[in-house]
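Overview (structure and organization)
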Amino acid sequence: MKLGIIGAGNVGGTLGTRWAQAGHTVVFSSSDLTSAKMKQVLEKAGSNASAASVQDTVAASEIVVLATPWEAVEDIVKTTPGWDGKIIIDATNPLLPALSGLALGTTTSAAEMVAGWAPRAKVVKAFNTVGANIMADPKFPGHKVALFYCGDDKDAKQQVHTLAAELGFDPLDAGPLTQARVLEPFAMLWISLAYLAGFGRDIGFQFLRR
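The shown structure was predicted, so the numbers you read here are calculated from the model rather than taken from an experiment.

Another point: the packing of helix α1 (residues 10–21) against helix α2 (residues 36–45). Here α1 crosses α2 at 25°, and the two axes come no closer than 8 Å. Between α1 and α2, the angle falls in the class roughly parallel. The element α1 and its partner α2 pack so that their crossing is right-handed. For the pair α1 and α2, the contacting residues are N10, G13, T17, A20 and Q21 in the first and K37, V41, K44 and A45 in the second.

Written out as structure tokens, the structure is:
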């Protein structure tokens, strides 16, 4: 699969590296393609990975992951051509400064905003409810970490499901894209427990069935 990762920070770098190591073709993009961080990511990701401009990354990819700070997303999506027919995985959270809450909620979501800016893309909300360290290693003794996703296109969601399962998650379809209105606040629960309640970052949620 041809994957594009916009953002080579902790989340984008981790996801793209693991998928490249699993055999997918991955193109990374960031604000500085020659930065030490980008060089480090490419070296770790291996021969299946490369770096390109945002426009070239979108053009070369079947699925594009948005893994930048929320405040950069609108400009990236609106100024980049070529989104039609692409699957966009929105891994962002519209965080307020100091992790004090969300800039959006209840009546819309970051994912729905992205869908409005790229109306002919297939947007799936995913990979926003756990930290990059859990993306790097989602295995807990005897358990898999739940990875919720949502979207309006069945086939796009299935592809995201497969990508999440490859990483070792328990992928769970949470419904239509409007469910991002609850998944983004759910991300705040993980963030607040990890950073504010003192549990640390090595935590995850399990989905129990019977």
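There is more to say, and it comes next.
The final tally for this structure, using the stated rule, is 6 aromatic pairs. Ring geometry for W19 and F127: centres 5.6 Å apart, planes at 80°, overall edge-to-face. Here the residue W19 occupies a position in helix α1, and F127 occupies one in the loop between β6 (122–125) and α6 (132–136), the gap between them amounting to 108 residues. For the pair W19 and F127, one class covers both residues: buried. Three or more aromatic residues joined by ring pairs form one cluster here, namely F148, F186, F205 and F207.

Residue position: D170 is located in strand β10 (residues 170–173). Owing to a relative accessible area of 16%, D170 belongs among the buried residues under this scheme. Within the local environment of D170, its side chain forms a polar contact with the side chain of R209, the two groups lying 3.2 Å apart. Apart from residues no more than four positions distant in its own chain, D170 is found in contact with K144, V145, A146, L147, F207 and R209.

Taken together, 8 strands build an open sheet; the order of strands is β3-β2-β1-β4-β5-β6-β9-β10 and the sheet is mixed. Pairing within the sheet leaves two strands with one partner each, and these edge strands are β3 (49–51) and β10. Taking each pair of neighbouring strands and ignoring which way they run, the sheet shows an average axis angle of 25°. Pairing of strand β4 (residues 63–66) with strand β5 (residues 87–90) involves 4 bridges; the strand directions are parallel. Considered in β5, the bridge of I63 is made with I87. Together, β5, β6 and β9 (146–151) form the strand contacts of helix α8 (residues 180–196), whose direction differs from that of β9 by roughly 150°.

Moving on to the layout of surface pockets. The space that makes up the largest pocket amounts to roughly 840 Å³. Looking at the largest pocket, it is lined by 41 residues, and the ones nearest its centre are V11, A67, T68, P69 and W70. With 6 residues, the single largest contributor to the lining of the largest pocket is helix α4 (residues 70–79). Looking at side-chain class alone, the lining of the largest pocket contains 21 nonpolar, 15 polar and 5 charged residues.

About the criteria used
Residue indices begin from 1 for each chain and proceed along its sequence in written order. Per-residue local features are limited, in this predicted model, to residues with pLDDT of at least 70; the limit for side-chain atom pairs, both in listing and counting, is 80 or more; totals at the level of whole chains, interfaces and linings are taken over all residues. Think of the side-chain values as coming from all heavy atoms in the structure, minus any hydrogens and water. For every element, the axis is a line fit to its C-alpha atoms; helices are fit only across the contacting stretch, and the angle between N-to-C directions ranges from 0 to 180 degrees. Each helix corresponds to a stretch of at least 4 residues labelled H or I by DSSP, and each strand to a stretch of at least 2 residues labelled E; elements are numbered beginning at the N terminus. Each angle receives one of four descriptions, namely roughly parallel if under 35 degrees, roughly antiparallel if over 145, roughly perpendicular if within 65 to 115, and oblique otherwise. Helix crossings are classified by the rotation of the near helix relative to the far one: an anticlockwise turn of less than a right angle makes the crossing left-handed, while a clockwise turn makes it right-handed. Note on definitions: a residue-residue contact is assigned when non-hydrogen atoms from the two residues lie within 4.5 Å. The criterion for an aromatic pair is that two Phe, Tyr or Trp rings (for Trp, the six-membered ring) have centres within 6.5 Å, with stacked assigned to planes under 30 degrees apart, edge-to-face to planes over 60 apart and tilted to the rest. Only protein chains enter the calculation, and the probe is 1.4 Å; a residue is then buried if its accessible area is under 20% of its type maximum, exposed if over 50%, and partly exposed in between. Here a polar contact means two N or O atoms within 3.5 Å. Within protein one must be a hydrogen donor candidate and the other an acceptor candidate, and residues neighboring in sequence count only if both atoms are side-chain atoms. At least two bridges found by DSSP between two strands are what make those strands a pair. Using only the protein atoms, space was sampled on a 1 Å grid; points where a 1.4 Å probe fits but cannot get out form cavities, open sets with protein on both sides within 12 Å along at least five of seven lines form pockets, and lining residues are those with an atom within 4 Å of a point. Grid points are joined across faces, edges and corners, and a volume is the space filled by probe spheres set on the points. Three classes are used, and their members are as follows: Ala, Val, Leu, Ile, Met, Phe, Trp, Tyr, Cys and Pro are nonpolar, Asp, Glu, Lys and Arg are charged, and the others, Gly among them, are polar.

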